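# Close look at the chain arrangement
In case you want the letters, here they are:
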Amino acid sequence: MRIIKFLISLSITLVLIWALDKSWEVNQTRIPPLGKFLDPFHGFWQNLEPTHYQFPENLDIPGLQQPVTIIFDSLMIPHIFAQNDADLYLAQGYVTAMHRLWQMEFQTHAAAGRISEIIGPGKDDAVLNYDRSQRRLGMVYAADNALRLMIKRPEARLVVNSYTDGINAYIRSLNYRSLPVEYKLMDYSPENWTPLKCALLLKSMAQTLNMGDKDMQMTNALKLFGPDLVNLLYPDREPVADPIVEKPNAWDFEPVKLDSVPSALPDELIKISGLTIPDPTIGSNNWAVAGSKTQSGSPILCNDPHLNTTLPSIWYAIQLNAPGINSMGASLPGAPGVISGFNDSIAWGVTNAQRDLVDWYAIHFDNLKMNRFLLDGEWIDTRKIIEKIDIRGKEPFFDTVTYTYWGPVVYDHSYRSENNRKYYAFRWIAHDESEELMTFYELNRARNHSDYMKALDHFSSPAQNFVFASVSGDIAMRIQGKFPVRRKNEGKFVLDGSKLSNGWQYFIPFEHNVMVKNPERGFVSSANQYPADETYPYYIQATSYEAYRNRRINNLLREANQVTVQDMMRLQNDNYSIRAEESLPLLLSHLDSASLNEVERFAFKTLQSWDYTFTGTSEAPSYYEAWWTNLMPLIWDEMRRDDLSLSTPTSWNTINLMKNHPDLVFYDLQSSPEKESLKDIINLAFKQGVEEVEKWKSSADGTNRTPQWAEYKDTFVEHLTRIEPLGIHVKHGGHGSAVNASSRKHGPSWRMVVSLEKTGPKIYATYPGGQSGNPGSVHYSDMLERWSKGQYFNLMFLHKPEDAGQKLFSTMNLKPKKK
Amino acid sequence: MKFLIQLIAILIAAALLEIFLPWWSIAIGAAIGGYFFRSNMNFLTGFLAIALLWLVKAMWLETQSTSSLTESIASILMVKSKTVLFLVTALLGGLVGGFAALTTSLIKKS
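None of these values were measured; they are calculated from a predicted model.

Turning to the overall build of chain A, a few remarks are in order. Secondary structure summary: chain A contains 22 helices and 31 strands in total. Since a compact globule built from 819 residues should have a radius of gyration of about 28 Å, the 28 Å found for chain A is in line with a globular shape. With the C-alpha coordinates of chain A rotated into their principal frame, the extents come out at 85 × 80 × 70 Å. In chain A, the share of contacts with a sequence separation of at least 24, taken over all contacts with a separation of at least 6, comes to 72%.

Below you can see the structure in the form of structure tokens.
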């Protein structure tokens, strides 16, 4: 009897331990191993960081040559003091991993198409399909190519290898107890870091910035609407923006010209549905004001790159000090160096240079095996890469990707085969060898304008508008990247892949790129707008160019004098929208105000007295936004089709068409038998918009809310896993068309203002998050509140560790580990 | 008295073992207490000892921190509140401790 009781009790104990030591999948949701996860000695409770957490003061690090001192300030920004480059980047790798390891690995897994490995194939294979598309776009191929060139340069090789060593030293120090909480939640462990992952991270940024591509949508538009309507709906250049550089008739060089004749424009429908492009209102701002316009007489440089506002934050602030370098600013976790920042002599910043750097080539294969394709009358062999995609809890998935002369074939009969077996190969500038890291390596050490120019010569993709200012008084802007020389219309539509002459035959020589130094107007600026005036001798085209922020910035900078740092902060947080100014009076003039009900009349009155400013506390912006977001799909309902993809014209052009083409066929609604006019749909959109706001008002647990803009917009800084409770809602004004381009999940991901004074640079910065990637740390989101209020932190920039004084939060000494 | 001695013995053994071994070492701690310090309520002592150990440790860590991670985890695991999460933690640890202590208490001492 006793033995039976014993056996039963033993079995229960063992089964309990087994069941609580493994993770379970219930309804597609992974439950962490509960015993392991809830154990307060090792589980998630250990990720609750004490408020006054002190680092271990001394650490032995294998691979280090000399001791390194790291000072953490009150924001947990590390200030690294090393005695040589190798130690400096090793320490950068170590501290970045200490704060952001999970994020770095997850982002590079995502870039490489390896998410199924962590979370399984997803609902309807959505995750697996995401992984497949990443593989088919050649992300790893691109990273491999970048790495090949990177390691040919001794400096870059040293930098990535040391950085990698530092990350791996941290990974080796981990056990389950000290693992980042996301690993515990999803029940997996980190793998070793490699230099390839640094390259992958940069390529993933290039993907974010270059993939606003609509060649297929434009091809369909050409077939359905014809060339005249295409030019009307999607002009190459909207006659509005204030270009980044204006040198009318002063581009004194002989442009490279292609002598071959371009192929005829395509005449086909590409039946791939659901192709999307990133929100066209996304972008970034940067500018520099010369000393002649500032109160202090020193230049001021500002940069706010707009990206997804996610947690852990995209940026990681850091100071790097070693012989030959004393640089600080925002770094990307996973890439060594500082990306947007300053040093003792200069400051620089980046915004995305909109330009078409992605092309699609229609491929003619000999048969379904895709072993050979036609090129200038000859059959050329292809190369096959078998992609093994590991899937958690399932057998791996094998995908064969065919590489042609142009690049990988993304769409074929095994992927998105709805398109009648037509094949498209993908050509992307980021597939080419590149050495972006050298740019940042040299910028971090640059002393003057000519160092900056040399550093930029290493940069090929993703093309950026690099702003510059120096303590010695220079300001400059240079649009840098490798841009193919194109003939008119080339790259706007899919290209014929059977003709070599359709390829990128030449690149614009770097010295012909758009650039300016110390312009007479006393400032330089960029906000993703059209790069140059009309006399620039190369054909330029992109998915869209920014139409509003750039004008607002330039209007204010032109008028400004005696500029102070506070003025610049105000400008970065400016919520005035030229789009609202240019569209609302038009919309209101069409509104049939006699037939409004009570709430509609209130909305109408609110809008009539609006100052076009997206202030967080006003209600008018909510009504405007609701009106606008209802109007666009009504006008452009023709563009939403289940069988193929089309692109919606830009906001600027929509307003332009409403003003100048009041009888366009597109105003008619497809879904109704009547013929609607522009007036009809503007009124309909207004009613729908007001109804939407009314619904929103009463949606929250019975209480009636006032639709203040910040509440209505509801900025949400989301965790990368999209696990809702790890994200944070924050009240913040702004709008995609305002300088403070903050939308719901997108916005200024780093705000920096640098005053380059002779006595040393003064720096003010903030970002929507915090230095620590650990949701259990006070530094997970400690900068968020000031960010949302438009306030800044005065960053501490040191010359030696002792300068830290009282502001010092914690010190960490890394020591070479004796063998 | 026996009950109290057994409870303290399991508590100390489990706490020490957790320094070196993974979470399931609580079962070893409880098993030691179940075998060497028997009482007439072996399951209950095992349960209470580990539940208490986990609850106190979790609460201690929580008071040291000002972050809202505990609320977030409670919400991710779909338990109503922080308090429920503390109780679930104590319960799961307690169950393993209870059965482990009961098991070894059923072995005949030679």
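This part takes up the interface of chain B and chain A. Think of interface size as the accessible area that goes away when the parts come together; that is how it is often given. Chain B puts 31 residues into the contact, and the matching count from chain A is 36 residues. When contributions to the side of chain B that touches chain A are tallied by element, the ones reaching two or more residues are helix H3 (42-64), helix H4 (69-76) and helix H5 (82-105) of chain B. With nine residues, H5(B) is the largest single contributor of residues to the side of chain B that touches chain A. Here the side of chain B that touches chain A is composed, by residue class, of 19 nonpolar, nine polar and three charged.

On to the nonpolar core, then. Nonpolar side chains in soluble globular proteins generally cluster together in the buried interior. Among the nonpolar cores identified, the biggest contains 197 residues, and A:Ala91, A:Ala288, A:Ile300, A:Tyr424 and A:Phe468 are the most heavily contacted of them. No other element matches helix H3 (residues 85-112) of chain A, which puts 15 residues into this core. Of all hydrophobic cores here, the second largest spans 46 residues; its members include B:Ile10, B:Ala13, B:Leu85 and B:Phe86.

All right, on to the pairing of strand E25 (residues 715-719) of chain A then. Residue and element names in this part refer to chain A. Of the two faces of E25, the one holding Thr715, Val717 and His719 is buried and the one holding Phe716 and Glu718 is not buried anywhere. Taken together, the two bridges between strand E8 (residues 310-311) and E25 define a ladder with parallel strand orientation. The residue of E25 that forms the bridge with threonine 310 is glutamate 718. Here E25 pairs with strand E26 (residues 728-730) via three bridges, running antiparallel. When the sheet's bridge partners are listed, valine 717 is paired in E26 with isoleucine 728.

All names here are of chain A. If you check H3, its first and last C-alpha atoms are just 29 Å apart, much less than what 28 residues at 1.5 Å a residue would give, namely 40 Å. Taken as a whole, H3 carries its principal kink of about 90° at arginine 100. Counting buried residues along H3, 25 of its 28 residues qualify, which places the element largely inside the surrounding structure. Just past H3, the residue glycine 113 takes up positive phi, approximately 70°.

This brings us to helix H14 (residues 549-559) of chain A. Along H14(A), the positions that sit buried rather than exposed are A:Arg549, A:Asn550, A:Arg552, A:Ile553, A:Asn554 and A:Leu557. Looking at the buried positions of H14(A), the neighbouring elements they touch are strand E6 (284-289), strand E24 (523-526), helix H15 (565-572) and helix H16 (578-590) of chain A.

A word on the pairing of strand E19 (residues 423-428) of chain A. Residue and element names in this part refer to chain A. The buried fraction of E19 amounts to six of the six residues, a majority that puts the element mostly inside the structure. What you see with E19 is no split at all: Tyr423, Ala425 and Arg427 on one side and Tyr424, Phe426 and Trp428 on the other are buried throughout. Of the strand pairs in this sheet, strand E13 (residues 358-363) and E19 are connected by six bridges, and their pairing is antiparallel. Paired with aspartate 359 across the bridge in E19 is arginine 427. In this structure, strand E18 (residues 409-411) lies alongside E19, joined through two bridges in antiparallel fashion. For tyrosine 411, the partnering residue across the bridge sits in E19 and is tyrosine 424.

As a further point, take unusual backbone geometry. All names here are of chain A. Residue leucine 311 is joined to proline 312 through a cis peptide bond whose omega torsion reads -10°. Following the sequence through the fold, proline 312 ends up in the loop between E8 and strand E9 (316-322). Located in the positive-phi region is asparagine 489, a residue other than glycine, with phi close to 70°. Residue position: asparagine 489 is located in the loop between strand E21 (475-480) and strand E22 (495-496).

Turning our eyes to something else, we now look at the confidence of the model for chain B. Scored by pLDDT, chain B comes out at a mean of 92, with 99% of its residues at no less than 70. The complex model carries a pTM of 0.95, and its ipTM stands at 0.97.

What follows deals with the sheet that holds E25(A). One open sheet holds the three strands; their spatial order is E8-E25-E26 (chain A), and the pairing between them is mixed. The open sheet has two edge strands, E8 and E26 of chain A, and neither has a second partner.

How each quantity is defined
- Residues numbered from 1 in each chain as written.
- Chains lettered and ligands numbered in written order.
- Predicted model: local features only at pLDDT ≥ 70, side-chain atom pairs only at ≥ 80, totals over all residues.
- Helix = DSSP H or I, 4+ residues; strand = E, 2+ residues; numbered from the N terminus.
- Rg over C-alpha atoms; globule rule 2.2 N^0.38 Å.
- Contact = placed C-beta atoms within 7 Å.
- Nonpolar A, V, L, I, M, F, W, Y, C, P; charged D, E, K, R; others polar.
- Core = buried A, V, L, I, M, F, W, Y, C linked by C-beta atoms within 7 Å.
- Buried ≥ 20, exposed ≤ 12 C-beta atoms within 10 Å, placed from the backbone.
- Pairing = 2+ DSSP bridges.
- Expected span 1.5 Å × (residues − 1).
- Bend = angle between axes of the 7 residues up to and from the residue.
- pLDDT = per-residue confidence, 0-100.

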